[in-house]
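Chain by chain, the residues run as shown.
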Amino acid sequence: MSFAKNQIIKELNALDEQFLRRRLRSVDSPCGTRLRIAGRELQAFCSNDYLGFANHPDLISAIAKGASQFGVGSGASHLISGHHQIHDALEEKLASTQANAIPGAKALFFSTGYLANISAITGLSKLNNQQTRLYSAALNHASLIDGLRLAKGHANTDLFIFDHHNLDSLKEELKNDSSEHKLIITDGVFSMDGDLAPIATLLQLAEDYDALLLVDDAHGFGVLGKYGYGILEGSGLCSERLIYIGTLGKAAGLSGAFVCANELLIEWLIQKARPYIYSTASSPALAYALIRSLELIEGSEGQERRESLKSNIALWKQLTQFKVWNKLNSDTAIQPIVVGGNEIALQIAKELDLAGYWIPAIRPPTVPKGMARLRMTLSATHTHTQIRALSETLLSLETRLEVNKQ
Ligand SMILES: Cc1ncc(COP(=O)(O)O)c(C=O)c1O
């Protein structure tokens, strides 16, 4: 015991020395573009509440109504007695969002995106006596990586990592792969870079080499497409090989996630996805409120908010050109500024805090070493005035910090 204690202290000190220690901050106000923390108000440019639905009055009422109608707890896992009719209704609505892209689309609702990703990867890797090869984009989210780590523990499963900017190596590997079962895995919108996966090319490769394609569209669902159905909407892509994962704690404003795929694959996940089988089903009140959130997303309010978000992204891109810091090329709500080292990233985040802004420093292992950044995000509910003021603050901060360095 005392050995572990000393070792933990030593490792925590090492994290401090490398500027890698993470710290919790407790918010004392509802989610929004202005947050109260320790008695101070900060302008937040860091949440994933891209449409500003996390504190929407209709969703607050829906949670309360759902709770009075269905109760607050599900009482058990889905396969015992925790699966309510309102979960069915939600899953039907979720499946309808991908119906144009996935023939025979069915959806399975999970309590988080993290669990949905682990479930889909491990579940789809569990085929008896079949050699399985998993192909994963290098910058995929940690929850996909953890799914891969668990799946690799299964016999007959191995892994190839590819660069989503250059698919030559992926193609070469697929060409020479004689495994019975192949699964290509990618973020839809890359969570730390903000760029989009080349879905059409990936699906073509999946078709050409008999693979499945799993797309984690955590940051696209609710935001991309006229109706907010995500990266596949309007793409013209349609295939039984597609497995779509959307999360509901980001643009949808609540929490949860879903896997959408052909009926047979969903039936298989119900049998084999351990986080689905061995975990309490989410509250039926939440399922009820999520249906209302989906109505908002696809309706006129969602469409208007996506227009506001687009206009905010365009303004930000036009306003800010850094001399030294690297603003990544992204057209989505995720607009990261790569500054390099951990220490400088922390220093900038601290200076921003003093100036009244909250944009956390994201460091390894969340991003590659030497690529620490401010992961700035925009919401439909930011005003142009807020964005202009932030831009001026950041530009003058860059000048001050870079001049001081010389
Ligand atoms: C790309 C991606 N996938 C999955 C998740 C996990 O989703 P959840 O927060 O619902 O667990 C996240 C969370 O940030 C994410 O960025």
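Cut-offs applied
- Residues numbered from 1 in each chain as written.
- Predicted model: local features only at pLDDT ≥ 70, side-chain atom pairs only at ≥ 80, totals over all residues.
- Heavy atoms only, no water.
- Near = heavy atom within 4 Å.
- Polar contact = N/O pair within 3.5 Å; in protein donor to acceptor, adjacent residues only side chain to side chain.
- Areas by Shrake-Rupley, 256 points an atom, 1.4 Å probe, with all protein chains shown as cover.
- Helix = DSSP H or I, 4+ residues; strand = E, 2+ residues; numbered from the N terminus.
- Nonpolar A, V, L, I, M, F, W, Y, C, P; charged D, E, K, R; others polar.
- Salt bridge = Lys/Arg side-chain N within 4 Å of Asp/Glu carboxyl O.
- Buried < 20%, exposed > 50% of the residue type's maximum accessible area, 1.4 Å probe, protein only.
- Pairing = 2+ DSSP bridges.
- Patch = residues over 30% accessible without salt bridge, like charges linked within 9 Å, V, L, I, M, F, W, Y side chains within 5 Å.
- Domains from an automatic or database assignment.
- Contact = heavy atoms within 4.5 Å.
- Buried area = accessible area lost by both parts, 1.4 Å probe.
- Axes fitted to C-alpha atoms, helices over the stretch in contact; angles between N-to-C directions.
- Parallel < 35°, antiparallel > 145°, perpendicular 65-115°, else oblique.
- Left-handed = near helix turned anticlockwise from the far one by under 90°.

### Concerning the site of the ligand
Point 1. Around the ligand there are 13 residues in total, and Gly113, Tyr114, Asp216, His219 and Lys250 lie nearest to it.
Point 2. Between Asp216 and the ligand, the recorded distance is 2.5 Å, taken from a side-chain N or O atom to a nitrogen atom.
Point 3. Measuring from an oxygen atom of the ligand, one finds a side-chain N or O atom of Lys250 at 2.9 Å.
Point 4. Summarising the interface, the protein chains cover 81% of the accessible area of the ligand, which totals 390 Å² for the free molecule.
Point 5. With three residues, the single largest contributor to the shell around the ligand is helix α5 (residues 113-125).
Point 6. Along the lines of polarity and charge, the residues of the shell around the ligand split into two nonpolar, eight polar and three charged.

### Thoughts on the side chain of Asn48
Point 1. Among the structural elements, Asn48 can be located in the loop between β2 (40-44) and α2 (57-70).
Point 2. Of the polar contacts made by the side chain of Asn48, one reaches the side chain of Arg375; its length is 3.1 Å.

### Let's talk about the pattern of salt bridges
Point 1. Enumeration over the complete set of coordinates arrives at 20 salt bridges.
Point 2. Between Arg34 and Glu41 there is a salt bridge; the shortest N-O distance is 3.5 Å.
Point 3. With a closest N to O distance of 3.8 Å, Lys175 and Glu172 form a salt bridge. Remark: Glu172 and Lys175 occur in helix α7 (residues 168-175); sequence separation between them is three residues, near one turn of the helix.
Point 4. A relative accessible area of 43% means that Glu172 is categorised as partly exposed.
Point 5. Several salt bridges share partner residues, and in doing so they unite Asp16, Arg21 and Arg23 into one network.

### A closer look at the sheet that holds strand β1 (residues 34-37)
Point 1. A sheet is described by the order of its strands in space; here three strands give the open sequence β1-β2-β12, paired in mixed fashion. This sheet does not close on itself; its edge strands, each paired only once, are β1 and β12 (357-358).
Point 2. Here β1 pairs with β2 via four bridges, running antiparallel. Across the sheet, the residue bridging to Ile37 is Arg40, located in β2.

### Section: a nonpolar patch on the surface
Point 1. Among the surface-exposed residues, Ile8, Leu12 and Leu15 lie close enough to one another that they form a single nonpolar patch of about 230 Å² accessible area.
Point 2. Of note, Leu15 is situated in helix α1 (residues 2-17).
Point 3. Note on Leu15: relative accessible area 32%, which makes it partly exposed.

### A closer look at the domain arrangement of the protein
When the parts of a complex come together, some accessible area is lost, and that lost area is often taken as the interface size.
Point 1. Parsing the protein into structural domains produces domain 1 (21-50 + 300-405) and domain 2 (57-298).
Point 2. Centre-to-centre separation of domain 1 and domain 2, based on C-alpha positions: 28 Å.
Point 3. Between domain 1 and domain 2, the residue contacts involve 21 residues of the former and 22 residues of the latter.
Point 4. A buried area of about 1,500 Å², summed over both sides, lies between domain 1 and domain 2, and 56% of it is on carbon and sulfur atoms.
Point 5. By the criterion of area lost to domain 2, the three top residues of domain 1 are Tyr50, Gln303 and Arg306, representing 33% of everything that side buries.
Point 6. The interface formed by domain 1 and domain 2 contains one salt bridge.
Point 7. For the salt bridge of Asp193 with Arg373, the shortest nitrogen-to-oxygen distance reads 2.7 Å.
Point 8. At the junction of domain 1 and domain 2, the tally comes to twelve residue pairs in polar contact (both at pLDDT 80 or more).
Point 9. The greatest single-element share of the side of domain 1 that touches domain 2, amounting to six residues, is contributed by helix α12 (residues 300-319).
Point 10. Within the side of domain 1 that touches domain 2, the residues separate by chemical class into eight nonpolar, eight polar and five charged.

### Thoughts on the packing of helix α4 (residues 85-96) against helix α11 (residues 284-298)
Point 1. Here α4 crosses α11 at 25°, and the two axes come no closer than 8 Å. In terms of orientation, α4 lies roughly parallel with respect to α11. As for the relative orientation of α4 and α11, their crossing is left-handed in sense. Residue-level inspection shows Ile86, His87, Ala89, Leu90, Lys93 and Leu94 of α4 in contact with α11, the latter providing Pro284, Ala287, Tyr288, Leu290, Ile291, Leu294, Glu295 and Glu298.
Point 2. Broken down by class, the residue content of the contact of α4 with α11 amounts to ten nonpolar, one polar and three charged.

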